Amino acid sequence: MKLVRGAWKLLVGIKDALVLLFMLLFFIGLFAVLSARPNPAAVKDGALVLNLDGMIVEQPSETDPFAAFGGGETIKEYRMRDLVRALDAAKGDARVKAVVLDLDRFMGGYPAAVAEVGQAVGRVRAAGKPVLAYATAYTDSGYLLAANASEVWVNPLGGTLFSGPGGSRLYYKGLIDKLGVTTHVYKVGKFKSAVEPYILTGQSPEAKAANEALYGAIFGQWQEAVAKARPKAKLAQTIAQPDAVVTAASGDIAKANLDAGLVDKLGDRLAFGKRVAEIAGADAGKPAGSYKSIKLANWLEANPASTSGDAIGVITVAGEIVDGKAGPGTAGGDTVSALLLKGLAEKKLKALVVRVDSPGGSALASERIRQAIWQAKNQGLPVVVSMGSMAASGGYWVSTPGDVIFAEPNTITGSIGIFGIIPSFENTLAKIGVTSDGVKTTPLTGQPDLYAGINEPTGRILQAGIEQGYRRFIGLVAQSRKLTPSRVDEIGQGRVWDGGTARQLGLVDRFGNLSDAVAEAAKRAKLDPAKVHAAYLEKEPGWFEQLFASFAAGGDEEEEAAPESGGDLYARIAADRRAVFGQALGDAKRLAMGSSMQARCLECGAFGPAASNARADARLIDLALRRIGL
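Residues numbered from 1 in each chain as written. Predicted model: local features only at pLDDT ≥ 70, side-chain atom pairs only at ≥ 80, totals over all residues. Heavy atoms only, no water.

Peer 1: I'm lost on unusual backbone geometry in this one. Help?
Peer 2: Glycine aside, negative phi is the norm for most residues, and most peptide bonds take the trans geometry. With an omega dihedral of -5°, the bond running from glutamine 447 to proline 448 counts as a cis peptide bond. Looking at the secondary structure, you find proline 448 in the loop between helix 16 (426–431) and helix 17 (456–481). Here the phi dihedral of serine 250 falls at roughly 60°; this positive angle occurs in a residue that is not glycine. Counting through the fold element by element, serine 250 comes out in the loop between helix 9 (242–248) and helix 10 (253–259). With relative accessibility at 70%, the residue serine 250 sits in the exposed group. Phi at lysine 482 takes a positive value of approximately 55°, unusual for a residue other than glycine. Within the element layout of this structure, lysine 482 appears in the loop between helix 17 and helix 18 (485–491). Owing to a relative accessible area of 74%, lysine 482 belongs among the exposed residues under this scheme. (Helix = DSSP H or I, 4+ residues; strand = E, 2+ residues; numbered from the N terminus. Buried < 20%, exposed > 50% of the residue type's maximum accessible area, 1.4 Å probe, protein only.)

See below:
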């Protein structure tokens with residue numbers, strides 16, 4: 001009996017200890033959430049610090065609850081419109097003595113998004129507010145931001161070279177042939193190059209010509225923007241003859257940058273911090289190089305977006321378009337359509353703006369989103385489309401209901417075409433002595449057969465389905481753009497266009513950003529654009545997501561302290577090697593698990609992977625390296 005009572009007391013003790021531990025963890029988590037919440041009252045005189053140690057995106061994704069604890073790499077994301085709002089609010093606020101752009105670990109963004117933030121930086125500078133940028137080595141996109149600053153600093157041991165868009169990508173046909181995999185491709189459009197990595201060993205002539213035109217146009221716009229911001233810089237020579245420029249500086253890349261007028265100062269973080277302190281004030285009691293600062297999160301909380309006036313609904317289609325449900329940063333067909341239909345039912349919207357920032361994806365999910373947008377038109381709401389960095393393939397599909405389409409000159413759009421890829425493994429299995437057999441009652445029994453191969457009737461049906469989908473795509477565009485189907489077919493065929501060319505072709509109506517689209521929607525609803533506000537139809541993060549977001553942020557929000565330095569040119573080369581490995585793993589997964597009928601743009605990835613793909617590929621790398629013990 002004593003043994004039973006002793007065991008019972010032990011179990012009760014364990015239970016009480018677990019309850020106390022749970023309560024302790026709960027209150028620690030609650031304290032973390034409350035401490036991490038932005039505090040507008042904390043905004044004092046100082047420098048507004050934009051420590052962009054991640055990517056600029058249209059719509060940040062939800063924080064992975066386990067990313068902060070798994071030891072893997074996490075990629076931070078900064079919402080473009082938040083950065084623009086922060087910079088515009090800083091122009092006339094006396095508390096902001098300067099703006100600091102810390103671009104040491106900036107991972108870039110698509111051209112249109114980076115350009116819009118760069119223009120906002122330029123507006124701060126034009127208002128007479130000092131803007132200081134720092135990096136060990138600027139990327140092309142990072143330099144576009146920095147060029148708009150009043151002082152551009154670079155580390156003397158670093159330096160910047162410009163590579164431009166493009167470069168090599170991976171082609172898997174040789175590996176696929178060695179493995180014995182049969183890649184069944186069904187497509188329409190001679191420029192629909194998304195399938196080429198699986199059926200060719202290099203670019204087709206059509207894809208190469210189209211890409212040269214696209215990349216050339218967008219890089220030309222980048223050069224124009226940099227030249228406008230820094231007219232005295234010797235940009236052309238640095239781009240055309242980088243080896244001669246660096247050799248003339250005895251191999252000192254940073255000095256070559258200074259001599260070319262690309263940067264204003266050479267200095268390390270300590271020197272940069274002291275310079276900012278001269279303007280914004282030194283932070284007493286802290287190490288040399290510290291200065292009075294304003295956290296971005298606190299500044300945004302102190303300057304919220306307007307909610308006055310009539311509501312113009314904004315539904316965001318951002319990231320890869322996929323079937324079913326998905327969190328922010330990926331456009332799940334069911335999720336986006338449900339958010340839109342709920343907004344139309346519950347909110348008193350006067351008009352709708354469809355903000356598209358997607359390279360496409362599932363044709364089925366694209367159609368589901370398009371049908372939801374049509375519900376707004378059926379309710380009599382004006383519908384305006386605002387294309388962000390990209391609205392290609394499925395991203396253009398969902399844009400077709402728009403009464404008017406806005407885009408930026410460097411928006412990536414078009415890619416009107418459809419394809420499907422289904423691998424089968426009959427030859428792979430034969431290599432290891434595995435065969436298949438069975439009874440078939442119809443030509444479609446067991447088809448598509450991944451073990452024995454896809455037969456001709458099934459192949460013809462699949463190709464016919466792709467062709468019918470393309471005709472539907474062509475018809476939607478023709479009706480929307482008031483063009484003939486034959487004309488749309490001419491400019492379609494899967495070819496990708498920059499926004500400027502797309503406007504000339506009639507795929508886009510006007511140049512303008514999201515604010516311009518909201519103003520146009522207000523006018524079409526017979527409202528004063530100055531008396532409306534954007535009502536974003538999106539899911540708000542719950543307390544659980546906020547809790548883990550605060551853990552993931554860690555101490556990086558303490559922006560006045562000198563953060564970890566970014567790498568130099570050679571560190572960027574190492575990062576590129578890792579990215580190539582990640583892309584290969586990611587492509588293999590997307591081939592195996594992607595929707596069979598897709599409207600997707602391959603060329604969009606030349607300007608950097610979509611944030612969702614970058615995160616997924618990074619996780620695959622970490623998993624692979626752990627599996628092999630590295």
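Peer 1: In this structure, what is going on with the nonpolar core? I would like to understand it.
Peer 2: Proteins that are soluble and globular tend to have nonpolar side chains buried together. Grouped together as the largest cluster of nonpolar side chains are 52 residues, with contacts concentrated most on Val99, Leu103, Tyr138, Tyr143 and Trp222. For this core, the element with the highest residue contribution is helix 3 (residues 111–126), accounting for seven residues. Excluding anything up to four places from it in sequence, leucine 103 contacts Leu52, Tyr134, Ala135, Tyr138, Gly142, Leu145 and Ala146. Within the second largest apolar cluster, 49 residues are counted, among which are Ile321, Ala331, Leu352 and Leu507. (Core = buried A, V, L, I, M, F, W, Y, C linked by side-chain atoms within 4.5 Å. Contact = heavy atoms within 4.5 Å.)

Peer 1: Explanation requested: the pattern of salt bridges in the structure shown.
Peer 2: Pairing of side chains with opposite charge becomes possible as their charged atoms draw close. Tallied over the full model, the rule gives 26 salt bridges. Here arginine 510 makes a salt bridge to glutamate 520, at a shortest N to O gap of 2.9 Å. Here glutamate 520 lies in helix 20 (residues 514–524) and arginine 510 lies in strand 20 (residues 510–511), a separation of ten residues in the sequence. Take arginine 510: its relative accessible area is 33%, and that puts it in the partly exposed class. (Salt bridge = Lys/Arg side-chain N within 4 Å of Asp/Glu carboxyl O.)

Peer 1: Can you help me understand the environment of arginine 123 in this one?
Peer 2: With respect to the helices, strands and loops of the structure, arginine 123 is situated in helix 3. The partly exposed category is assigned to arginine 123, whose relative accessible area is 33%. Placed 36 residues apart in sequence, arginine 123 and leucine 87 show a C-alpha to C-alpha distance of 8.2 Å. Every residue in contact with arginine 123, bar those within four places of it in the chain, is listed here: Val84, Asp88 and Lys91.

Peer 1: Honestly, the environment of tyrosine 215 in this entry has me stumped. Any pointers?
Peer 2: Tracing the backbone shows tyrosine 215 in helix 7 (residues 205–229). Once the C-alpha coordinates of tyrosine 215 and isoleucine 412 are considered, the two residues, 197 residues apart in sequence, prove to be 9.9 Å apart.

Peer 1: For this particular structure, what's the right way to read the packing of aromatic side chains?
Peer 2: Any pair of aromatic rings gets described here by the distance separating the centres and the angle formed by the planes. Counting across every chain of the model gives eight aromatic pairs. A centroid spacing of 5.2 Å and a plane angle of 35° characterise the contact between tyrosine 134 and phenylalanine 272, whose relative ring orientation is tilted. Residue tyrosine 134 is found in strand 5 (residues 131–135), and its partner phenylalanine 272 is found in helix 11 (residues 269–280); the two are separated by 138 residues along the sequence. As far as the burial class goes, tyrosine 134 and phenylalanine 272 line up, both buried. With centroids separated by 4.8 Å and ring planes inclined at 50°, the aromatic side chains of tryptophan 397 and phenylalanine 473 adopt a geometry described as tilted. You can see tryptophan 397 sitting in helix 15 (residues 394–397) and its partner phenylalanine 473 sitting in helix 17, a full 76 residues away along the chain. On the basis of relative accessibility, which here comes to 3%, the residue tryptophan 397 falls in the buried class. Chaining the aromatic ring pairs together yields one cluster made of Tyr138, Tyr143, Phe162, Phe219 and Trp222. Above the face of the tyrosine 536 ring, arginine 81 is positioned so that its terminal group lies 3.5 Å from the ring centre. (Phe/Tyr/Trp six-rings, centres within 6.5 Å; stacked < 30°, edge-to-face > 60°. Lys NZ or Arg CZ within 6 Å of the ring centre and 35° of its normal.)

Peer 1: So what exactly am I meant to see when it comes to the side chain of glutamate 426 here?
Peer 2: Examined against the element boundaries, glutamate 426 turns out to sit in helix 16. In terms of polar contacts, glutamate 426 uses its side chain to reach the side chain of serine 424, at 2.8 Å. If near-sequence neighbours (up to four positions away) are discounted, glutamate 426 is found in contact with Thr182, Leu450, Tyr451, Ala452 and Gly453. (Polar contact = N/O pair within 3.5 Å; in protein donor to acceptor, adjacent residues only side chain to side chain.)

Peer 1: Help me understand the pairing of strand 6 (residues 151–154), please; the structure alone is not making it clear to me.
Peer 2: Remember that side chains alternate between the two faces of the sheet whenever the strand is regular. Burial of strand 6 is two-sided: the residues Glu151 and Trp153 facing one way and the residues Val152 and Val154 facing the other way are all buried. The sheet contact formed by strand 5 and strand 6 spans four bridges and is parallel. Its bridge partner lying in strand 6, alanine 135 is registered against valine 154. (Pairing = 2+ DSSP bridges.)

Peer 1: Got a minute to help me understand the sheet that holds strand 4 (residues 96–102) in this structure?
Peer 2: Strand-to-strand pairing in sheets goes through backbone hydrogen bonds, with the strands running parallel or antiparallel. Taking strand neighbours across the sheet as the criterion, the six strands line up as 8-6-5-4-1-9 in an open arrangement whose pairing is parallel. What marks the edges here is a single partner per strand, and that holds for strand 8 (265–266) and strand 9 (293–294). Of the strand pairs in this sheet, strand 1 (residues 46–51) and strand 9 are connected by two bridges, and their pairing is parallel. Counterpart to leucine 48 in the pairing with strand 9 is isoleucine 294. Across the sheet, helix 11 lies against strand 1, strand 4, strand 5 and strand 6, angled at about 170° from strand 5, the strand it touches most. (Axes fitted to C-alpha atoms, helices over the stretch in contact; angles between N-to-C directions.)

Peer 1: Looking at this structure, I do not really get the packing of helix 2 (residues 80–90) against helix 3. What am I missing?
Peer 2: The description of two helices packed together rests on the angle between their axes and the distance between the axes. The contact between helix 2 and helix 3 brings their axes to 9 Å, and the two run at 5°. By the angle between their axes, helix 2 is roughly parallel relative to helix 3. Taking contact as the criterion, the partners of Met80, Leu83, Val84, Leu87 and Asp88 in helix 2 are, on helix 3, Ala113, Glu116, Val117, Ala120, Val121, Arg123 and Val124. Its residues placed into classes, the contact of helix 2 with helix 3 shows nine nonpolar, no polar and three charged. (Parallel < 35°, antiparallel > 145°, perpendicular 65-115°, else oblique. Nonpolar A, V, L, I, M, F, W, Y, C, P; charged D, E, K, R; others polar.)

Peer 1: So what exactly am I meant to see when it comes to helix 13 (residues 333–346) here?
Peer 2: Structurally, the α-helix is built with 3.6 residues per turn, so residues lying three or four positions apart point the same way. Between the first and last C-alpha of helix 13 there are 20 Å, a value that for 14 residues agrees with the 20 Å anticipated at 1.5 Å per step. For helix 13, the complete set of buried residues consists of Gly333, Val336, Ser337, Leu340, Gly343 and Leu344. Down the axis of helix 13, the buried set is contained in an arc of 130°. They therefore lie on one face. The outward face of helix 13, more than 90 degrees from its buried face, is lined by the exposed residues Ala345 and Glu346. Where helix 13 is buried, its residues meet strand 10 (310–318), strand 11 (321–322), strand 12 (331–332), strand 13 (349–358) and helix 14 (363–378). (Expected span 1.5 Å × (residues − 1). Arc of directions from axis to C-beta.)

Peer 1: How should I be thinking about helix 17 in this particular structure?
Peer 2: Under the 1.5 Å per step criterion, the end-to-end length of helix 17 is 37 Å for 26 residues, consistent within 8% with the ideal 38 Å. Of the residues trailing helix 17, lysine 482 is marked for its positive phi of about 55°.

Peer 1: Any chance you could explain a nonpolar patch on the surface here in plain terms?
Peer 2: On the surface, Ile14, Leu18, Leu21 and Leu24 cluster together into a nonpolar patch covering about 380 Å² of accessible area. With respect to the element layout, leucine 18 can be found in helix 1 (residues 2–36). A relative accessible area of 53% means that leucine 18 is categorised as exposed. (Patch = residues over 30% accessible without salt bridge, like charges linked within 9 Å, V, L, I, M, F, W, Y side chains within 5 Å. Areas by Shrake-Rupley, 256 points an atom, 1.4 Å probe, with all protein chains shown as cover.)

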